[in-house]
Amino acid sequence: MTVSAPARALVRRPGLWAAAGVGVAVVLLMAVEMMAGALFLGPERVWQGLTGTDPLARQLVVELRLPRALLAVLVGASLGAAGALLQGATRNPLADSHLLGVSGGAAVVGAALLAWHPTAEPPVAMVLAALGALAGSAPLVALAGRGLLSAAGMALVGVGLGYLWAVVALALVTSAGLLASPSLSFLGGSLSGRSWDDLRWLAAFAGAAVLPAAALVRPLDALALGDEVARSLGARPALARAAAAMAAALLVGPAVWAAGMVPLVGLACAQGARQLWGHDHRLLLPGAAALGAALVLAADVAARSFLRGTELPLGVVTACVGVPVLVAVAWRASWRALY
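Residues numbered from 1 in each chain as written. Predicted model: local features only at pLDDT ≥ 70, side-chain atom pairs only at ≥ 80, totals over all residues. Heavy atoms only, no water.

What about the overall build of the protein chain?
Part 1 of the argument: When helices and strands are tallied, the protein chain shows 15 helices and zero strands.
Part 2 of the argument: Every one of the 339 residues in the protein chain was classed for burial, and the buried ones make up 49%.
Part 3 of the argument: Of the roughly 16100 Å² of accessible surface on the protein chain, a fraction of 70% belongs to carbon and sulfur atoms. (Helix = DSSP H or I, 4+ residues; strand = E, 2+ residues; numbered from the N terminus. Buried < 20%, exposed > 50% of the residue type's maximum accessible area, 1.4 Å probe, protein only. Areas by Shrake-Rupley, 256 points an atom, 1.4 Å probe, with all protein chains shown as cover.)

As structure tokens, then:
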């Protein structure tokens, strides 16, 4: 039996198989997400809920679980793509929205809104969260752009900034007497209680970040070769870094408002995308977004299913995935520096 040339080419492209596998995983995880919960629904009842033939199943699936599943996809995709943008802009494999203070700046804004204006409309809250994300990461991105920090130094300063913003956010909610379920869910990460309205606005902000991210593909590829080479290729490194930081803030701020603090998704998914699809940002950005969608979906299913009768913070589950990746990347970078 002979194999056609296109078929042989497809076999030689493991990235295509990986993309198909991630796509299938996202679809299957969405199905599991709609089945999981305090009241388990089998596949047949989920279908009845989607088609409207079972009123109770429809209430659970269409009004609660489907928007939650889609929100997990958007949050994960936003954080994954932001991680790839920040790693490309800083040329640092340890870069992540949580480690660079981007998520922390958004969390401070979110905590302030919970304390002083809990009825803020989603578009206003998400715009403010995006501005907070940009402000939270500005000091570190500026230092990294000037080459004043090594990869390890950036990680250390970023962890310090992350702790600072986390303490400020916690101080805001405690000073307002908000140590209750909504505020703790925000600080630990959770997708519960969100509606179709939150989903629509998050989709609008994520869509608005697509064009700037696409425009950054060539500059980020050039930055990977070093600033001098990038300038010789016509790129402007400082402008590219500023644009990448703004695009990342536009992705991360609304995602943090919608899901709270969900750490290390960008780090894990950007590194995973590099292993699967290489360093070309045309593939790296959508690949990291797809892996982020799968990771947050899987984490939310685990958070809802691990302990019967209660729901773990989403950030706990993503940290269990992200921390080993962080350690592995830091170990590999240190090994290369030594040898």
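Once you've had a look at it, read on.
Describing the nonpolar core
Part 1 of the argument: Ranked by size, the top nonpolar core spans 94 residues in total, and within it Val-26, Val-75, Leu-85 and Leu-191 carry the most contacts.
Part 2 of the argument: The dominant element in this core, judged by the number of residues it contributes, is helix α4 (residues 55-90), at 16 residues.
Part 3 of the argument: Excluding residues that lie within four positions of it along the chain, Val-75 makes contacts with Leu-191, Leu-202, Ala-255 and Ala-259. (Core = buried A, V, L, I, M, F, W, Y, C linked by side-chain atoms within 4.5 Å. Contact = heavy atoms within 4.5 Å.)

A look at the packing of helix α13 (residues 265-277) against helix α14 (residues 281-305)
Part 1 of the argument: For the pair α13 and α14, the least separation of the axes is 8 Å and the interaxial angle reads 125°. Looking at the two axes, α13 sits oblique to α14. Remark: the crossing between α13 and α14 carries right-handed chirality. Here α13 contributes Val-265, Cys-269, Ala-270, Gly-272, Ala-273, Arg-274, Leu-276 and Trp-277 to the contact with α14, which in turn contributes Leu-283, Leu-284, Gly-287, Ala-288, Leu-291, Gly-292, Leu-295 and Val-296.
Part 2 of the argument: Its residues placed into classes, the contact of α13 with α14 shows twelve nonpolar, three polar and one charged. (Axes fitted to C-alpha atoms, helices over the stretch in contact; angles between N-to-C directions. Parallel < 35°, antiparallel > 145°, perpendicular 65-115°, else oblique. Left-handed = near helix turned anticlockwise from the far one by under 90°. Nonpolar A, V, L, I, M, F, W, Y, C, P; charged D, E, K, R; others polar.)

Re the side chain of Thr-90
Part 1 of the argument: Inspection of the secondary structure puts Thr-90 in helix α4.
Part 2 of the argument: Within the local environment of Thr-90, its side chain forms a polar contact with the backbone oxygen of Leu-86, the two atoms lying 2.7 Å apart. (Polar contact = N/O pair within 3.5 Å; in protein donor to acceptor, adjacent residues only side chain to side chain.)

Focus: the pattern of salt bridges
Part 1 of the argument: Overall, the coordinates contain seven salt bridges when judged by the stated rule.
Part 2 of the argument: Here Glu-33 makes a salt bridge to Arg-304, at a shortest N to O gap of 3.2 Å. Taken together, the residues Glu-33 in helix α2 (residues 14-35) and Arg-304 in helix α14 connect sequence positions 271 residues apart. Assigned by exposure class, Glu-33 and Arg-304 land together as buried.
Part 3 of the argument: Between Arg-45 and Asp-54 there is a salt bridge, with the nearest N and O atoms lying 2.9 Å from each other.
Part 4 of the argument: According to the relative accessible area criterion, Asp-54 is buried, its value standing at 14%. (Salt bridge = Lys/Arg side-chain N within 4 Å of Asp/Glu carboxyl O.)

Let's talk about the packing of helix α3 (residues 43-51) against α4
Part 1 of the argument: Relative to each other, α3 and α4 sit at 80°, their axes nearing to 7 Å. Taken together, the axes of α3 and α4 are roughly perpendicular relative to one another. Contacts between α3 and α4 pair Arg-45, Val-46, Gly-49 and Leu-50 from the former with Leu-56, Ala-57, Arg-58, Val-61, Val-62 and Leu-66 from the latter.
Part 2 of the argument: Residues of the contact of α3 with α4, tallied by class, amount to seven nonpolar, one polar and two charged.

Remarks on the side chain of Arg-274
Part 1 of the argument: By the secondary structure assignment, Arg-274 is in helix α13.
Part 2 of the argument: Of the side chains with opposite charge, Asp-221 lies nearest to the buried Arg-274, which makes no salt bridge, at 7.6 Å.
Part 3 of the argument: Among the polar contacts made by the side chain of Arg-274, one reaches the side chain of Gln-87 at a distance of 3.2 Å.
Part 4 of the argument: Those residues in contact with Arg-274, other than ones at most four positions away along the chain, are Ala-84, Gln-87, Gly-88, His-279 and Leu-284. (Lys, Arg positive; Asp, Glu negative; His and termini not counted.)

Let's talk about unusual backbone geometry
Part 1 of the argument: Of note in this structure, Arg-91 is not a glycine but carries a positive phi near 55°.
Part 2 of the argument: Mapped onto the secondary structure, Arg-91 falls in the loop between α4 and α5 (102-116).
Part 3 of the argument: Assessed through its relative accessible area of 41%, Arg-91 is described here as partly exposed.
Part 4 of the argument: Within the chain, Leu-264 stands out as a residue other than glycine whose phi angle is a positive 65°.

Considerations on the environment of Ala-36
Part 1 of the argument: Assignment of secondary structure puts Ala-36 in the loop between α2 and α3.
Part 2 of the argument: When the C-alpha positions of Ala-36 and Ala-302 are compared, they lie 9.4 Å apart, and in sequence the two are 266 residues distant.
Part 3 of the argument: Setting aside residues no more than four positions away along its own chain, Ala-36 makes contact with Arg-65, Arg-304 and Ser-305.

Brief notes about the environment of Gly-193
Part 1 of the argument: Position of Gly-193 relative to the elements: it lies in the loop between α8 (181-188) and α9 (196-215).
Part 2 of the argument: Gly-193 sits 66 residues away from Ala-259 along the chain, and the two C-alpha atoms are 9.8 Å apart.

Details of the confidence of the model for the protein chain
Residues shown with low pLDDT carry predicted positions that ought not to be read at fine detail.
Part 1 of the argument: Looking at the protein chain, the pLDDT average stands at 82 and 87% of residues meet or exceed 70.
Part 2 of the argument: Within the protein chain, the lowest mean pLDDT, 42, falls on helix α1 (residues 5-11), and the highest, 92, falls on α14.
Part 3 of the argument: Within the model, the stretch residues 1-12 combines pLDDT values under 50 with four contacts to residues more than four positions away or in other chains. (pLDDT = per-residue confidence, 0-100.)

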